[in-house]
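Listed here are the chains, written in short residue letters.
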Amino acid sequence: MFDGYDSCSEDTSSSSSSEESEEEVAPLPANLPIIKNNGQVYTYPDGKSGMATCEMCGMVGVRDAFYSKTKRFCSVSCSRSYSSNSKKASILARLQVTGKPPTKKAKVLQKQPLVAKLAAYAQYQATLQNQAKTKAGNSAVSVEGFSWGNYINSNSFIAAPVACFKHAPMGTCWGDISENVRIEVPNTDCSLPTKVFWIAGIIKLAGYNALLRYEGFENDSSLDFWCNICGSDIHPVGWCAASGKPLVPPRTVQHKYTNWKAFLVKRLTGAKTLPPDFSQKVSESMQYPFKPCMRVEVVDKRHLCRTRVAVVESVIGGRLRLVYEESEDRTDDFWCHMHSPLIHHIGWSRSIGHRFKRSDITKKQDGHFDTPPHLFAKVKEVDQSGEWFKEGMKLEAIDPLNLSTICVATIRKVLADGFLMIGIDGSEAADGSDWFCYHATSPSIFPVGFCEINMIELTPPRGYTKLPFKWFDYLRETGSIAAPVKLFNKDVPNHGFRVGMKLEAVDLMEPRLICVATVTRIIHRLLRIHFDGWEEEYDQWVDCESPDLYPVGWCQLTGYQLQPPASQSSRENQSASSKQKKKAKSQQYKGHKKKRKMPVGKKPVSLSSLPMTGGVRRSFSGDEELTPPPYRTLPAQTALEAFPPPSTSREFRPSLKTVTTSQLKEELLDGEDYSFLQGASDQESNGSATFYIKQEP
């Protein structure tokens, strides 16, 4: 483990190559540090690793640019001159030991060949680069204007652990990587032109990112730095010795100890490090089965009630850029994770009875092929033979077109394999084009009363005037029944999230964007995600196992672009602009009721809620006939629009089942098998639990 560094002094001799003389030479000074590497011993002036001195002309240069395996000479000419010159020993001694000016012959031999000049120039450039890196590392702001490390340090934030994200790289094999784990990392506190390493300890973890401190700095945090643990330059202790890489102490503390080897032995005895196969596991966890040119069925962003065929254009970190098959210019796209419930294998829609838009392309394009069904996320098998969901049943559901709200909803159609078509009451298009498909086990649907019990604001049907909204009254007025509680998914995994944790989250209103986000509420397995720098109206309800949540540092690891928190100025500009546009629209639609408020500016391709019966359909695409604008790095602006209310109000229909208040209570509570979990706090909801606790005898 410690063979990479040896601070002791030894009498050594250099081995010669086949082109070099085997005659003995004058011994080198014993006070020069010696670094062993794969059994060979090299000496470097002033103890600088990576540098070498030509034994013929005395030139100092980059070791890797020197000639022969032993790197004793700067060029072929010096190697041959050394062999043929009978006075080579005295010349070398005069140049390296006595310090006397070289003789005339030595001056001739000291002429530097082209490779030596290039090596010297490379050394100079490398020194400048190292200095620039050191300055950049100490800078609070990265080149892109946002640094996770600085953001977390300056605000004392806590990031969600990697183990919370089972779908992310290393999510299932992160192990007990924690503070005080030692690793070998590049030494940036060094002016050497070649990459050298030193040992550092983890001071703080934030997702994939770790705050590191070099060994030897004790309580000195002046050179602490952040890096991604899964990066290619991060290795377990012992990697340098096995790979023949030198361990060089940082220049700032190099004078503190005379025997660094003994220091390392003392510090590392009993310490933890990364598993030997850590880098291999990282590489394996970043291999994705989906490939470009694969065909899938994906939700139609303009008609939520149906699917379309799309082709995988690219894969980044498991996220797929899907291009609808009929898009000629390949700009009509949709982003989602490969484990998203929005994508399915070819033929899925037909197998369960889901609506599907047939492609105008009757023949597969060359190179395109259907994705194997086993690659898609599996849903839990359900038994629909007994008591099951029925059309017309009421429930509460997250509106996929406004993820900050949980709304009153109705089951519109029961499909095969446990899938349901659901509509938001009061906001449905006449043709049902904005119905959406959820599985019966989906964590995005809830039994009647869920919001009230967990103190979440329930969004009533648009146009419903009897406020505050009461489920008992609404069910009686509409002649509806509530879906039985026992049919809903009540499993709550021990997810590990806590209120206040930081993460990187997909803006599902514009799913190509991944933003800096915070967990602000936890209701069992339901997380309230807030996008830093934006108002609460942009928040989104997301399941704890959603593939659209990622650890801090995921974007850096995969090469995906991270959207930083919105600045105060951009929010103010957007707010002023939205007010002006809203005023203009209010004059245009004077006397008409506005649609549900949607985020302005942050989502140019918003999943806006368009009007209900008799109006324009709601869709993923926002403005119906417009194509998505070009990709951006900062939020753009878009206008709020107002739409008229329903042309007719919902009337009581005697043909539907009418129930009494006592019957309503029985249906809501589903007999005596289940009872509501009253007053569940945000902190109490993590762990193995259920939305509704079964009463044990």
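Residues numbered from 1 in each chain as written. Predicted model: local features only at pLDDT ≥ 70, side-chain atom pairs only at ≥ 80, totals over all residues. Heavy atoms only, no water.

Labelled according to an unreviewed UniProt entry, the protein appears under the name MBT domain-containing protein 1 isoform X1, originating from Mesocricetus auratus. Of the protein, the UniProt comment under Subcellular location (unreviewed entry) reads exactly: "Nucleus". (UniProt positions renumbered as here; feature names shortened; annotations may be inferred.)

Student: What should I look at first to understand the pattern of salt bridges in this one?
Tutor: Pairs may arise between side chains of opposite charge once their charged atoms sit close together. In total, this model carries 28 salt bridges according to the counting rule given. For aspartate 332, the salt bridge identified is with lysine 301, shortest N-O distance 3.3 Å. On the criterion of sequence distance, the pair formed by aspartate 332 in the loop between strand 13 (319-324) and strand 14 (333-337) and lysine 301 in the loop between strand 11 (294-300) and strand 12 (303-316) is long-range, its members being 31 residues apart. Of the two residues, aspartate 332 and lysine 301, both sit in the buried class. With its nearest N and O atoms 2.8 Å apart, the salt bridge here joins lysine 466 to glutamate 477. Of the two residues, lysine 466 is situated in the loop between strand 23 (458-459) and helix 11 (471-478) and glutamate 477 in helix 11; the sequence distance between them amounts to eleven residues. Among the residues examined, glutamate 477 registers a relative accessible area of 27% and is labelled partly exposed. Connected through shared salt-bridge partners, Asp300, Lys301, Arg302, Arg306, Arg308, Glu326, Asp332 and Lys357 make up one network. (Salt bridge = Lys/Arg side-chain N within 4 Å of Asp/Glu carboxyl O. Helix = DSSP H or I, 4+ residues; strand = E, 2+ residues; numbered from the N terminus. Buried < 20%, exposed > 50% of the residue type's maximum accessible area, 1.4 Å probe, protein only.)

Student: So what exactly am I meant to see when it comes to the pairing of strand 19 (residues 406-414) here?
Tutor: Along any regular strand, the residues point their side chains to alternate faces of the sheet. Pairing geometry for strand 18 (residues 394-398) and strand 19, over five bridges, is antiparallel. Looking at strand 19, one finds that lysine 394 is bridged to threonine 410. Taken together, the two bridges between strand 19 and strand 23 define a ladder with parallel strand orientation. Counterpart to isoleucine 406 in the pairing with strand 23 is leucine 458. Both strand 19 and strand 20 (residues 419-424) contribute to a ladder of five bridges, which runs antiparallel. (Pairing = 2+ DSSP bridges.)

Student: Teacher, can you tell me more about the packing of aromatic side chains here?
Tutor: The description of an aromatic ring pair rests on the distance of the ring centres and on the angle between the ring planes. In this structure the tally under the stated criterion is 29 aromatic pairs. For the pair tyrosine 214 and phenylalanine 217, a centre-to-centre distance of 6.2 Å together with 40° between the ring planes defines the contact as tilted. Here the aromatic rings of tryptophan 471 and tyrosine 474 are separated by 5.9 Å at their centres, their planes lie at 70°, and the arrangement is edge-to-face. Of this pair, tryptophan 471 and tyrosine 474 both sit in helix 11, three residues apart, roughly one helical turn. Here tryptophan 471 falls in the buried class, since its relative accessible area comes to 7%. (Phe/Tyr/Trp six-rings, centres within 6.5 Å; stacked < 30°, edge-to-face > 60°.)

Student: Honestly, unusual backbone geometry in this entry has me stumped. Any pointers?
Tutor: The general pattern is negative phi for most residues beyond glycine and trans for most peptide bonds. Along the chain, leucine 467 connects to proline 468 via a cis peptide bond; the corresponding omega equals 0°. Residue placement: proline 468 occurs in the loop between strand 23 and helix 11. Positive phi outside glycine occurs at serine 156, with the angle close to 55°. Position of serine 156 relative to the elements: it lies in the loop between helix 5 (148-155) and strand 5 (158-159). At cysteine 293, a residue that is not glycine, the phi angle is positive and equals roughly 85°. Residue position: cysteine 293 is located in the loop between helix 8 (278-285) and strand 11.

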